[in-house]
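Understanding the architecture of this molecule
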Amino acid sequence: MQEWANQLCENRQFGSKMTDSKYFTTTKKGEIFELKAELNSDKKEKKKEAVKKVIASMTVGKDVSALFPDVVNCMQTDNLELKKLVYLYLMNYAKSQPDMAIMAVNTFVKDCEDLNPLIRALAVRTMGCIRVDKITEYLCEPLRKCLKDEDPYVRKTAAVCVAKLHDINAQLVEDQGFLDTLKDLISDSNPMVVANAVAALSEIAESHPNSNLLDLNPQTINKLLTALNECTEWGQIFILDCLANYSPRDDRESQSICERVTPRLSHANSAVVLSAVKVLMKFMEMLPKDLDYYGTLLKKLAPPLVTLLSAEPELQYVALRNINLIVQRRPEILKHEMKVFFVKYNDPIYVKLEKLDIMIRLASQANIAQVLAELKEYATEVDVDFVRKAVRAIGRCAIKVEQSAERCVSTLLDLIQTKVNYVVQEAIVVIKDIFRKYPNKYESVIATLCEHLESLDEPEARAAMIWIVGEYAERIDNADELLESFLEGFHDESTQVQLQLLTAIVKLFLKKPTETQELVQQVLSLATQDSDNPDLRDRGYIYWRLLSTDPVAAKEVVLAEKPLISEETDLIEPTLLEELICHIGTLASVYHKPPSAFVEGSRGVQHKRLTSSAGSGESVESPDTGSAAVSEAPPAVIPSQGDLLGDLLNLDLTPPTSTGPPPAAAPGMQLGAMDLLGGGLDSLMGDESEPLGGDIGGSPAMGAGFGAPPAAMPASFNAPISGGLDDLFDLGGGGMTMGTYIPPKTVWLPAMKAKGLEISGTFVRRSGVIQMEMTLNNKAMSVMSDFAIQFNRNSFGLAPAGPLQILTPISPNQSIEAALPLSTVGPVMKMEPLNNLQVAVKNNIDVFYFSCQYPISMLFLEDGKMERQVFLATWKDIPNENESQFQIKDCHLNSDAASNKLQGSNIFTIAKRTVEGQDMLYQSMKLTNGIWVLAELRVQAGNPNYTISLKCRAPEVSQCVFQNYETVLKN
């Protein structure tokens, strides 16, 4: 639509005397008939006016396809304006009228040899835009001539046409040698031709990632850098994006390229600037840090990034999202530019929030006073979301810059005194984190916090305050009264608050057992007998069991020493950050997600990585923060409460230090009949116990229907506390992966239905090859020979990869084995059920038909293991309505055995975690058509019933995947 409008506007420069708006105002009836007459008029002006009316009607959505032959007749003209309009019409309607479009081919071929280069280029461009197979074969010869045309305008247009033709018919382009011609155009004397050739090759390479079309070498790179100075801004972007895919041989070549790309940083177009930054960020990895040029380059990168922030808000936001990535990788680039990120009064909220994030990332001991003064000012603004984020930012500053912690706490207390409700609540949430970072240092402020207990009405703030009271109960004289006040409305609280309150009261009881026995019995009763929430009930039963049988274990679990939280809880995972740096200036850098997470089914999405020089002395894993030495150990990150998937990013995948065997579950134990207070949970309390008091949500119901009263609780705990807790997340153990499950052969074609031929078979996948393994049994009285096989169209394009190899005739009462390799590039048609396959087998007697169903695991690829970050992003992106949940009954495997068994069928476990005695396996699998299926498998020790949740952008495959899980796990 936009192109048509632009075309109409462009036509004015060819001498239109009056405004073209009149063409859009007509509402006459019988208009098509009148236009037909005008199009066949002998007068050129009348004919041109008629074509303009047709184009205007087409632009506003009217169907004028009936005029196709009449408009095509107008092509034979010397008037460039009229020719453009006719070509525009052709592009739109050729697909719906392919037979009529053939009429225009002769004119196209003739125009491709016109003396006017504009007409030659127009003809080849239009032919490329007409996506009709019948026309493409006529396009080859004119396109070949235009690729070698003497005029650069024609050559650059033809280069783009090759990419369009490749999209329609890739084989044709390769057979005609157009790709080699495109590669030759990279050496063209005209920079715009070079830019378009690079753009076309890059486009083709994206859809064929292994084709190595852009064979970049120092000579080619030199040609591209030469063209870079002279081509248009969009040409520069194509060339810079191409340069970013090159890996220099050494630091000298890397420096040379950086020196020639650096001038692009001063370009007026922000897209050119970001593309140049991307190239420099990548090639800087090759430069030694002690090199003088390295420091110079860092200084040169700052001004263009700062300049981007003076553009309109939308561009500012894109720039800020990219800067956010850059400062995580190299904060030293902008460490002296803090003031640029100070918020302006008229900034939109999305810009304000992004600036706040970057301010925290750049905060250091040198500038913390400035930052805190700004943040305190922001906390008095009127925009509630912005104020909340500003208060949180003060807390993050305290955690990041230790020297400023005291000043931050003081600032937060000042804000609490304002008595603005949402400010107070946010302040209490961040003070909880400060307590976690600096234990036994700022607890003197607890009294002030307790004064505002009544005003807290948000779940997160109430939960934070309850945590503080429970954690420091021994320092608060009336802790029991405070917690009891929350208990009064227990059933009206959110799950987050209920869970925290339960844990806090248990902590209080462990610290002051004689005074709080009644309180703890009350909360355990509320949590277990009066609550429908499975998470709350499970945790209540666990505590109840712990307190009534093993007080020492209870103390170890509930009062265990907590790890200090890290200074940056929202840093992007290093490998993902590397990939996003390689995508600066694209949507991936705005979403902060890899392209594979939001480009559906794209074959061209490749994972990119930064390449670092061995001599650079820099760890790719640890960006230099510029303000403090980076610890080699991974930071402990505060998990987002209630977000099970969020924790996947922080799982410790190393094996546990304990070498003792895991506790064995009682065989065939039924959860519903288990006596919770009589030893049923003993398996949870072995050497590999979990910190059950942690704030982890999301476990299925356990212990429903138990009404047995608790045993009397001990009044004191005098036994010494000893031992520690092993790793909660253990993916290291589990033994060897089991082999692939192969279904037994079943009879597909009975002899009575096939004149004595019986076919039984199964499907297998070995080393990435799908095979149909069959036994052909001749139960007739005559010899059978000349076998052939054919498949009907099916859901996943399964087709024989070759002929059915039965080299010798099958005599009566003889059987023969045959293995038919299959491909997945056949024609596709949705079947019911989805994995149904209709087969025809021919021999010397007749043709026979049968249907069979293949296990969908035959289509699971060997590279179906997602990265954890991608898994998390994809799970969140797939709509909740696409999630299906199933029960797998009577399965007696533990989680490790299940994981190993599934891996044999290319169902890969990304991560495993244990939540209150229940193992959760997060798994991924990738089908041959590019569809990803994500799964969460819940395995409860002793419970033979598993729960599986499946998420997929094509939810119709979920039923087949579930059936496959069931078959593999039970056999």
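Scope of this entry: the structure provided in the associated data block.

Conventions adopted
- Residues numbered from 1 in each chain as written.
- Predicted model: local features only at pLDDT ≥ 70, side-chain atom pairs only at ≥ 80, totals over all residues.
- Heavy atoms only, no water.
- Helix = DSSP H or I, 4+ residues; strand = E, 2+ residues; numbered from the N terminus.
- Contact = heavy atoms within 4.5 Å.
- Pairing = 2+ DSSP bridges.
- Buried < 20%, exposed > 50% of the residue type's maximum accessible area, 1.4 Å probe, protein only.
- Expected span 1.5 Å × (residues − 1).
- Axes fitted to C-alpha atoms, helices over the stretch in contact; angles between N-to-C directions.
- Phe/Tyr/Trp six-rings, centres within 6.5 Å; stacked < 30°, edge-to-face > 60°.
- Lys NZ or Arg CZ within 6 Å of the ring centre and 35° of its normal.
- Polar contact = N/O pair within 3.5 Å; in protein donor to acceptor, adjacent residues only side chain to side chain.
- Parallel < 35°, antiparallel > 145°, perpendicular 65-115°, else oblique.
- Nonpolar A, V, L, I, M, F, W, Y, C, P; charged D, E, K, R; others polar.
- Salt bridge = Lys/Arg side-chain N within 4 Å of Asp/Glu carboxyl O.
- Core = buried A, V, L, I, M, F, W, Y, C linked by side-chain atoms within 4.5 Å.

1. As for the overall build of the protein chain
Each helix and strand in the protein chain was counted, giving 36 helices and 13 strands. Taking contacts inside the protein chain between residues at least 6 apart in sequence as the whole, the part at least 24 apart equals 70%.

2. Thoughts on unusual backbone geometry
The omega torsion of the bond from E832 to P833 falls at -5°, within 30 degrees of zero and hence cis. Considering the arrangement of structural elements, one finds P833 in the loop between β6 (815-823) and β7 (836-842). Of note, the phi angle at K755 is positive, near 55°, even though the residue is not glycine. Mapping K755 onto the fold places it in the loop between β1 (746-749) and β2 (757-766). Although it is not a glycine, N906 sits at a positive phi angle of roughly 65°. Structurally, N906 can be placed in the loop between α35 (895-903) and β10 (908-915).

3. Considerations on the sheet that holds β2
Reading across from one edge, β1-β2-β3-β6-β5 is the order of the five strands in this open sheet, with antiparallel pairing throughout. The open sheet has two free edges, formed respectively by β1 and β5 (799-800), since each of these has just one partner strand. Pairing analysis gives ten bridges linking β2 to strand β3 (residues 769-778), with the strands arranged antiparallel. Within the sheet, the bridge partner assigned to R765 lies in β3 and is I770.

4. Here we look at the pairing of β10
Within β10, eight of the eight residues are buried, leaving the element largely enclosed by the surrounding structure. Across seven bridges, the pairing between β10 and strand β11 (residues 918-926) is antiparallel. Bridge pairing in β11 places V915 opposite Q918. Between β10 and β11, which pair antiparallel one after the other, the connecting turn spans two residues, and E916 there sits at a positive phi close to 50°.

5. Here we look at helix α24 (residues 421-437)
Side chains of residues three or four places apart in an α-helix project in the same direction, reflecting 3.6 residues per turn. If you check α24, its first and last C-alpha atoms are 25 Å apart, about what 17 residues at 1.5 Å a residue would give, namely 24 Å. The buried count for α24 comes to 14 of 17 residues, which makes it a mostly enclosed element.

6. Some points on the sheet that holds strand β8 (residues 847-853)
Sheet strands associate in pairs through backbone hydrogen bonding, adopting either a parallel or an antiparallel arrangement. What the three strands build is an open sheet, ordered β4-β7-β8; its pairing is antiparallel. Two strands bound the open sheet, and with one partner strand each, they are β4 (788-791) and β8. Averaged over all pairs of adjacent strands, the angle between their axes in this sheet comes to 25°, without regard to strand direction. The sheet contact formed by β7 and β8 spans seven bridges and is antiparallel. Paired with V841 across the strands is F848, a residue of β8.

7. Thoughts on the packing of aromatic side chains
A complete count under the given rule lists 13 aromatic pairs for this structure. In textbook terms, an aromatic cluster arises when at least three aromatic residues are bridged by ring pairs, as seen for W748, F763, F850 and Y854. Lying over the aromatic face of F386, K352 brings its terminal NZ or CZ to 5.1 Å of the ring centre.

8. Here's the deal with the side chain of E426
The residue E426 is located in helix α24 in this model. We classify E426 as buried; its relative accessible area is 7%. Apart from the residues within four sequence positions on either side, E426 is in contact with R388, V391 and R392.

9. Structural notes on helix α13 (residues 191-207)
The end-to-end C-alpha distance of α13 is 25 Å, a good match for the 24 Å that 17 residues give at a rise of 1.5 Å each. Taking burial as the measure, the 17 residues of α13 include 13 buried ones, the bulk of the element. N-capping of α13 is provided by N190, with a side-chain oxygen placed 2.9 Å from the backbone N of M192.

10. Points about the packing of helix α26 (residues 459-471) against helix α28 (residues 495-511)
It is at 8 Å that the axes of α26 and α28 come closest, and there the two elements cross at 10°. With respect to α28, the element α26 is oriented roughly parallel. From α26, P459, E460, R462, A463, I466, W467, G470 and E471 reach across to α28, where they touch Q496, V497, Q500, L501, A504, K507 and K511. For the contact of α26 with α28, the class distribution of residues is seven nonpolar, three polar and five charged.

11. Description of the pattern of salt bridges
In total, this model carries 33 salt bridges according to the counting rule given. For K511, the salt bridge identified is with E474, shortest N-O distance 3.0 Å. Of this pair, K511 sits in helix α28 while E474 sits in the loop between α26 and α27 (479-487), placing them 37 residues apart in sequence. Since its relative accessible area comes to 27%, K511 is described here as partly exposed.

12. What to know about the nonpolar core
The tendency in soluble globular proteins is for nonpolar side chains to be buried as a group. Y89, L143, L375 and F435 are the most contacted members of the largest nonpolar core, which has 214 residues in total. The element that contributes the greatest number of residues to this core is α28, accounting for ten residues. Filtering out sequence-adjacent residues up to four positions away, L143 remains in contact with V124, A158, C161, V162, L165 and F178. Membership of the second largest hydrophobic core comes to 63 residues, among which are L804, F860, I888 and L927.

13. Some thoughts on the environment of P809
In this fold, P809 is placed in the loop between β5 and β6. Not counting chain neighbours up to four residues away, the residues in contact with P809 comprise V783, M784, S785 and Q814.

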